[in-house]
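Below, each chain spelled out in residue letters.
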Amino acid sequence: MSDIAERAADVTGPGAGGQPPAGNGFLHALRHGTGAFLRQREATVFVVVVALFIYFLVVSPNFFTHANMANLLSGIAAPYIILAIGEVYLLICGEIDLSVGFVVTLAPFLMYYLIEFYGVPSYAAIILALLFGLVVGWINGFLTVTLRLPSFIATLGTSFVLYGVVLTTSHASPVNVPVSVEHIGKFFGNETTSAWGWSAFIWAILLVAIFQVVLTRTRWGLHTVAVGGNQLGAREAGISVARIKYGNFMITGLLGALVGLQIAFYDNTIDPSAGGYNYMFYAVAAAVLGGTAMLGGSGTIIGAFLGALLLSILTDGFSITGVNANSLFIIFGGAVLIAMIANVQLGRLREAGGRRG
Amino acid sequence: MTTETPDGQSAPASADGDVLRVEHISKRYGAVTALTDVNLHLRRGEVLGLIGDNGAGKSTLLKILCGFQPPTSGHIFLEGQEITLKSVDQARSLGIDAVYQDLALVNQLSVYHNMFLNRERVRWPLLSNRTMRNEAKKRLDNMGIRIANVNAEVAQLSGGQRQAIAVARSVYSNPKILLLDEPLAAMGVKEGAIILDLVQELKQSGKVSIIIIAHNYGQVLEVCDRINLIQGGMITLDKLSSETSAQELTDMVVAEYRKALEERQRTAS
């Protein structure tokens, strides 16, 4: 840690001035060093993930089996990864969505109600359940952007409302996934040792790839960073801040609904205790572990992916090695705090370097 | 070009050489009046210095002229045609571009992404980063702005470099009118000189008319053809730079202070 900090100071310290005559060599080194240092955030998580993986591989013969890997990646990691994608986009543009965990809870119930009570065809019910996620995202956008509530409060409100709707309509008891959608279901997620057991994780990988590219290589991603980095400046440059924020809330909602369906199909049951704040906080934790700052303006999808893997490997590894699940949270908490401290301190060092010019 | 003066006030001297003309612009925020009645005109190829004390309404006027916010009332004419500015994008498409006092740079983005912010080169659906990088480099070189590395985050640059990038960004689209809000604020004399040189060059190109907002009269007089003083939300002086001096401008601002001070003392006693 201290050695990272020193290197950071080295890299940014004298840099700032960037006096043109001093020239290419120096600034090139600065860029190079900074790039390496920025990448390091993800590299750190990556190293920890690999180390944990090897550790559990060595200590438990049950870890690296087809069944456990499918469970680890599809059953545990995939939902966190997909939810973290949305949270990363929101955190980058300076917002957060606390309610997405309850979109996870409610979306499959909605599908169930549509099919069982209203006779909606199965495909249409799935699409409507996904659209429901978009609608919740739009409402969160409306509360945050148009009515100017802090997103923390706005989405706390929608969380309670959604949860209340789940409990009221389901009478707080689980239901079975309708038989008519079972054949589609395995496409989203399926707890099986057949190839379908990987479908949730394959979704996660595809979405990570797509949203990483969107974040780093498209106008949408660039504008999301701009809005989080300098909201007034983005507006002055003519970027529609409202559109970016609405859009990212809606992306998050849509991903929440997708995860809800995946969990339902994976468990083959629709449970009012699925999703919720736990899932949302795991997603935020994954984002933070991956180097996304809560202050907006920076973050990576790959980092969040690794962060989610880290949490999942710990969860799964502890459970198969028989460690008391209660102490797991102490480690989670420590990991999140360490990651956050590193982010903030390194960020401060960088800023201090930048100001000196 | 007709000049209507509904309330009988004299409209600014207008000529066919006016690229921009502003008549009776006012702006109120609730109970606060930022601009009472502003009339000004900008000739083609001219550099107009808009000076005044903090709170006089300079930045408010600029934000109206670049489409960031609408005026409460008044008319804006671009090359003789009345226009209604609805957004920054629309103003830009009409050829009006601004460099804001806060520069509107995003620290977390690279120099070239900042230069193309909201005007990105895109090969759908992806950004053409290479094109933007090369164009940014070329443009900065042409303007004599020395930034060693356009991939660097702007957070790493000095104040003068940041300002230069913001100016370079705004002239990129070849605007007819360029608005500069306090381009010399928070900048050393040396760095300020970079910006003034830049303005000189733009002026010599003759393609762009410029309004510079400033409170550093001396430096501004150097590059401006004409000076407008704004006090209490109105233009109170309109003179060629050659006919005024930093001393006269300072005196006028000080006189206003005195008046305000006396008024306060009178009401207090």
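All of these numbers come straight from a predicted model, not from anything done at the bench.

Our next topic: the overall build of chain A. Assigned secondary structure in chain A consists of 14 helices and 2 strands. Buried residues in chain A amount to 48% of all 357 residues. Considering only contacts in chain A between residues 6 or more positions apart, those separated by 24 or more positions represent 77%.

Moving on, we come to the overall build of chain B. On a plain count of helices and strands, chain B comes out with 8 helices and 12 strands. Taking 18 Å as the expected radius of gyration for a compact globule of 269 residues, we find that chain B reaches 19 Å, a close match to that expectation. In terms of overall dimensions, chain B has a C-alpha envelope of 65 × 40 × 40 Å along the principal axes. Split into buried and exposed, the 269 residues of chain B put 45% on the buried side. Expressed as a percentage of contacts within chain B between residues at least 6 apart in sequence, the contacts between residues at least 24 apart total 68%.

This brings us to the confidence of the model for chain A. When the pLDDT values of chain A are averaged, the result is 87; 85% of them are 70 or greater. Here residues 1–23 of chain A is modelled with pLDDT under 50, and outside its nearest four sequence neighbours on either side it reaches 42 contacts, counting other chains as well.

Among the 11 residues in helix α9 (residues 219–229) of chain A, 8 count as buried, and that is most of the element. Residues of α9(A) that are buried: A:L222, A:H223, A:T224, A:V225, A:A226, A:V227, A:G228 and A:G229. Buried residues in α9(A) make contact with α3 (66–92), α8 (199–217), α10 (231–236) and α11 (241–267) of chain A together with α3 (111–115) and β8 (126–127) of chain B.

Here we come to the environment of B:N149. Mapped onto the elements, B:N149 comes out in the loop between α4 (129–142) and α5 (159–171). Taking the C-alpha atoms as reference points, B:N149 and B:K137, separated by 12 residues in sequence, lie 8.4 Å from one another.

Let's shift gears to the pairing of strand β10 (residues 209–214) of chain B. Residue and element names in this part refer to chain B. When you tally the buried positions in β10, you get 6 out of 6 residues, the bulk of the element. Of the two faces of β10, the one lined by S209, I211 and I213 and the one lined by I210, I212 and A214 are each fully buried. Where strand β3 (residues 47–51) lies against β10, 5 bridges are found, and the strand directions are parallel. When the bridges of β10 are listed, I51 appears paired with A214. Relative to β10, strand β9 (residues 177–181) runs parallel, the two sharing 5 bridges.

What follows covers the nonpolar core. Ranked by size, the top nonpolar core spans 180 residues in total, and within it A:A77, A:I81, A:A84, A:I85 and A:A286 carry the most contacts. Once residues within four sequence positions are removed from consideration, A:I85 is found in contact with A:L207, A:V208, A:F211, A:L255, A:I301 and A:A304.

Take the pairing of β3(B) next. Residues and elements named next belong to chain B. With 5 of 5 residues buried, β3 is to be regarded as a mostly interior element. The two faces of β3 match: V47, G49 and I51 on one face and L48 and L50 on the other face are all buried. Bridging between β3 and strand β11 (residues 226–231) involves 4 bridges; their strand directions are parallel. Across the sheet, G49 pairs through a bridge with I227, a residue of β11.

Another point: unusual backbone geometry. Residues and elements named next belong to chain B. With omega at 0 degrees, the peptide bond leading from W124 into P125 counts as cis. Its place among the elements puts P125 in the loop between β7 (122–123) and β8. Even without being glycine, H24 reaches a positive phi, approximately 50 degrees. The class of H24 is partly exposed, set by 19 C-beta atoms lying within 10 Å.

Let us look at the confidence of the model for chain B. Residue and element names in this part refer to chain B. On average, residues of chain B score 85 in pLDDT, and 93% of them are at 70 or above. Per-element confidence in chain B is highest for α3, whose mean pLDDT is 95, and lowest for helix α7 (residues 217–223), whose mean pLDDT is 78. Confidence drops under a pLDDT of 50 for residues 1–14, and excluding neighbours within four residues, the segment shows 15 contacts in the predicted structure. Scored as a whole, the predicted complex attains pTM 0.84, and scored at its interfaces, ipTM 0.80.

Moving on: the environment of B:E222. Residues and elements named next belong to chain B. Here E222 lies in helix α7. Judged by the 14 C-beta atoms lying within 10 Å of it, E222 falls in the partly exposed class. As a C-alpha pair, E222 and N142 span 80 residues in sequence and 23 Å in three-dimensional space.

Once that is clear, we can look at the packing of α3(A) against helix α12 (residues 277–289) of chain A. Residues and elements named next belong to chain A. Packing of α3 against α12 brings their axes to within 8 Å, and their N-to-C directions diverge by 65 degrees. One element, α3, and the other, α12, form an angle in the roughly perpendicular class. The element α3 and its partner α12 pack so that their crossing is right-handed. Here α3 contributes P79, Y80, L83, A84, E87, V88 and L91 to the contact with α12, which in turn contributes Y279, M280, Y282, A283, V284, A286 and A287. Of the residues that constitute the contact of α3 with α12, the class distribution is 13 nonpolar, no polar and 1 charged.

Basis of the calculations
Residues numbered from 1 in each chain as written. Chains lettered and ligands numbered in written order. Predicted model: local features only at pLDDT ≥ 70, side-chain atom pairs only at ≥ 80, totals over all residues. Helix = DSSP H or I, 4+ residues; strand = E, 2+ residues; numbered from the N terminus. Buried ≥ 20, exposed ≤ 12 C-beta atoms within 10 Å, placed from the backbone. Contact = placed C-beta atoms within 7 Å. Rg over C-alpha atoms; globule rule 2.2 N^0.38 Å. pLDDT = per-residue confidence, 0-100. Pairing = 2+ DSSP bridges. Core = buried A, V, L, I, M, F, W, Y, C linked by C-beta atoms within 7 Å. Axes fitted to C-alpha atoms, helices over the stretch in contact; angles between N-to-C directions. Parallel < 35°, antiparallel > 145°, perpendicular 65-115°, else oblique. Left-handed = near helix turned anticlockwise from the far one by under 90°. Nonpolar A, V, L, I, M, F, W, Y, C, P; charged D, E, K, R; others polar.

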